[in-house]
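# Notes for the structure review
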Amino acid sequence: MGGDRIGELVRKEEAFALVTHGVRGTRIVATNLAAEQQGVTSAQSLADARALCPKLITEEATPELDAAALERLTLWLLRYSPMVRCQTPDGLAIDITGCAHLFGGEKSMLTEILDRLRGFGLTVRGAIADTAGGAWAVARFGEKASHVIPAGQLRHALNDLSVAALNLPVDDVERLEQLGLRKISQLTEIPAASLTTRFGGALVSRLQQVLGEEADVFDPLVPPPVYQVEQSLMEPVVHLDGVQVCLERLSADLQGVLKAENKGARYFELRLFRIDGHVDRLGAGSRRLCDDAAYMQLLFTETLTRLQTDVDLGFGFDFVSLAAFGVEPMVDEQASWGVSEGSHEQSREMDRLFDRFGNRFGFDRVTRLKPRESYIPENSFEAVAVNQSQKPASWPVYGQTSLARPLLLFRPPEPVTVLAEVPDGPPLRFEWRRQLHHITRAEGPERLSPEWWQVLEVSSRQTRDYYRVEDQEGHRYWLYRDGLYDRKGDRPRWFLQGLFS
């Protein structure tokens, strides 16, 4: 189903519908206005629809493409509020708390949004109410295509609407209508206990959510930023130089906001809102907390380089915003006694290098090792992105023993075949990766018991005996036997845990 095809049908005012094929045959899932005027409705069989409208044109429905398009439109709403979400299969929801005054009030804001959506070739209805469920009900079942419910008057606005406006399952709506309960006002007159006894708690809960008597959590499509600055452009920008100019202005504004709060951010997102409803989200991260405009622009260098080939500016963008995530209080840094200024600057240069690699390849691919509380060697560390918060952490110290830990650990440990003089004794030789190694020296064992208090999916629950060994070539290895021969139920096996330098 192509967008050009649908646009052509709408312009010609031909009856058009989307269909799906299922166990109940081919059925209508969506129609245009011309088809509705001839009696074609959703959930109708194609045969019945053809009887009402012989010239009905149909196309196969593509729910996955519709969902992607709906998500793109939802992201476009970020220009009005940071709290937006999809109302599948064909709705958008936006929390405008604290935002309406920026657009001349609630009525002006709703009018602007609906006009812009109509400009995209969409048929839309909208409403503003005290609750998301109330706005959904009025937008879909109200008389007007645009309606703003004054604060505190939601119950009155819902009274004459059908119970289907509560967005209940179809079976529940049919049961209510069979009992003569067709309007929401009829439900509100019945005690909650009686409704719960007859229809269950879900109906009462939904009714209370719509009326604002029970909390309805608004789960946004993308996490709202901690700080955000934005700029509306008088004319659409179609050149990449314009993106750089906007970034310079916005980064300066964001720097002022962060410094005023003594805060810094680890991740920034530049959003370009095109006039056709598409949104490009360009991200850049930092290893250190950043509150400097010049460094923000430096972080976006790699992203803007990809912009030349990966992002289509189309007919241009007319709105741009810069958001900050991972915001934390800035802590003044002081060079330690005895550390030269060059060493401090070298550390900063390394951070800049990590930022460059992270923004080019992705921070999920540029990682550092972080200690984790565990006695099991392969579980005593984890790989985290270099731009994650670096809380103070120290590696465990094992004392001045001869059984020091190797720098290179295998995760997971690699199985080896071992020959020992006695079952519980040190190994005499082992085979690893088809190479046979004869052991000349061995130290151990160092015994590690299983961590019974941990829920582990990979590590064994058997006791380990570790040995540090050296072969004839002078190479040193860290081997362990997983399990004891004299313990019932154990299945001893040998593994290579690491290599010494």
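In short, a report on the structure.

What counts and how
- Residues numbered from 1 in each chain as written.
- Predicted model: local features only at pLDDT ≥ 70, side-chain atom pairs only at ≥ 80, totals over all residues.
- Heavy atoms only, no water.
- Pairing = 2+ DSSP bridges.
- Helix = DSSP H or I, 4+ residues; strand = E, 2+ residues; numbered from the N terminus.
- Axes fitted to C-alpha atoms, helices over the stretch in contact; angles between N-to-C directions.
- Phe/Tyr/Trp six-rings, centres within 6.5 Å; stacked < 30°, edge-to-face > 60°.
- Buried < 20%, exposed > 50% of the residue type's maximum accessible area, 1.4 Å probe, protein only.
- Polar contact = N/O pair within 3.5 Å; in protein donor to acceptor, adjacent residues only side chain to side chain.
- Core = buried A, V, L, I, M, F, W, Y, C linked by side-chain atoms within 4.5 Å.
- Contact = heavy atoms within 4.5 Å.
- Patch = residues over 30% accessible without salt bridge, like charges linked within 9 Å, V, L, I, M, F, W, Y side chains within 5 Å.
- Areas by Shrake-Rupley, 256 points an atom, 1.4 Å probe, with all protein chains shown as cover.
- Salt bridge = Lys/Arg side-chain N within 4 Å of Asp/Glu carboxyl O.
- Parallel < 35°, antiparallel > 145°, perpendicular 65-115°, else oblique.
- Nonpolar A, V, L, I, M, F, W, Y, C, P; charged D, E, K, R; others polar.
- Disulfide = S-S within 2.5 Å.

### Re the sheet that holds strand β1 (residues 16–22)
Read from one edge of the open sheet, 3 strands run β2-β1-β3, paired in mixed fashion. Each end of this open sheet is capped by a strand with a single partner; those strands are β2 (25–31) and β3 (57–60). Geometrically, the sheet is characterised by an average inter-axis angle of 40° between neighbouring strands, direction not taken into account. In the sheet, β1 pairs with β3 via 4 bridges, with the strands oriented parallel. Within β3, the residue paired with L18 across the bridge is E59.

### Quick notes on the packing of aromatic side chains
Using the criterion set out here, one finds 14 aromatic pairs in the structure. For the pair W136 and F141, a centre-to-centre distance of 6.2 Å together with 45° between the ring planes defines the contact as tilted. For W136, a relative accessible area of 16% puts it in the buried group. Judged by its relative accessible area of 33%, F141 is partly exposed. Counting every residue linked through ring pairs, the aromatic cluster contains W76, Y80, F103 and F120.

### Comments concerning the side chain of R464
Tracing the backbone through its elements, the reader meets R464 in strand β18 (residues 464–471). Within the structure, R464 has its side chain in polar contact with the side chain of E378 (distance 2.7 Å).

### Notes on unusual backbone geometry
The omega torsion of the bond from R411 to P412 falls at 5°, within 30 degrees of zero and hence cis. For P412, the position within the fold is in strand β15 (residues 408–420). Cis geometry is adopted by the peptide bond preceding P445, which originates at G444 and carries an omega value of 5°. Tracing the backbone shows P445 in strand β17 (residues 435–448). Its identity is not glycine, yet N167 carries a phi of approximately 60°, on the positive side. Position of N167 relative to the elements: it lies in the loop between α7 (154–158) and α8 (170–178).

### Description of the nonpolar core
Residues L254, F268, L270, L272, F300, F317 and L322 are the most contacted members of the largest nonpolar core, which totals 29 residues. Within the residue set of this core, elements represented by two or more residues are β8 (227–237), α12 (240–261), β9 (263–274), β10 (279–290), α13 (293–299), α14 (301–310) and β11 (317–325). Broken down by element, the residue count for this core peaks at 6 residues, all from α12. For L270, the contacting residues outside a window of four places in its chain are V243, L247, L250, D280, R281, L282, F300, V320, S321 and L322. L154, L158, L161 and I184 belong to the second-largest nonpolar core, a separate cluster that totals 24 residues.

### With respect to the sheet that holds strand β19 (residues 476–482)
Spatial strand order, β15-β16-β17-β18-β19-β20: 6 strands in a closed barrel with antiparallel pairing. The mean inter-strand angle of the sheet, taken between neighbouring strand axes irrespective of direction, is 45°. The pairing of β15 with strand β16 (residues 427–432) spans 4 bridges and is classified as antiparallel. Paired with T417 across the strands is E431, a residue of β16.

### Concerning a nonpolar patch on the surface
Nonpolar side chains collect at one region of the surface, where M350, L353, F357 and F361 lie side by side and expose about 340 Å² of accessible area between them. Along the chain, the position of L353 falls in helix α15 (residues 341–361).

### Quick word on the environment of D276
Within the secondary structure, D276 is located in the loop between β9 and β10. Residue classification places D276 among the partly exposed positions, given a relative accessible area of 36%. Within the local environment of D276, its side chain forms a polar contact with the side chain of R274, the two groups lying 2.8 Å apart. Polar side-chain contacts of D276 include one of 3.3 Å to the backbone nitrogen of H278.

### Digging into the packing of helix α10 (residues 192–199) against helix α11 (residues 201–211)
One way to put it is that α10 packs onto α11 with a least axis distance of 7 Å and a crossing angle of 135°. In this view, α10 runs oblique relative to α11, as classed from their interaxial angle. Judged by residue contacts, A192, L195, T196 and F199 of α10 engage G201, L203, V204 and L207 from α11. Its residues assigned to classes, the contact of α10 with α11 shows 6 nonpolar, 2 polar and no charged.

### Digging into the state of the cysteines
In protein structure, a disulfide is the covalent linkage between the sulfur atoms of two cysteines. Taken as a whole and judged by the stated rule, the model has 0 disulfides. Note on C246: no disulfide assigned, nearest cysteine sulfur contributed by C290 at a separation of 19 Å. With a relative accessible area of 5%, C246 lands in the buried category.

### Observations concerning the pairing of β9
Burial analysis of β9 places 10 of its 12 residues in the buried class, which makes it a mostly covered element. Both β9 and strand β12 (residues 328–329) contribute to a ladder of 2 bridges, which runs antiparallel. By the bridge assignment, G264 is partnered in β12 with E328. Summarising the sheet, β9 and β10 pair through 8 bridges and their orientation is antiparallel.

### Some thoughts on the pattern of salt bridges
Two side chains carrying opposite charge are able to pair once their charged atoms lie near each other. All chains considered together, the criterion is met by 24 salt bridges. The salt bridge partner of R352 is E349, with a shortest N-O separation of 2.8 Å. A residue pair is termed a helical-turn pair when its members lie 3 or 4 positions apart in one helix, as R352 and E349 do in helix α15 at 3 residues. One salt bridge in this structure joins R481 and D424, with 3.8 Å as the shortest N-O distance. Here R481, found in strand β19, pairs with D424, found in the loop between β15 and β16; they are 57 residues apart in sequence, far enough to count as distant. By sharing partners, the salt bridges in this structure join R79, E112, R116 and D318 into a single network.

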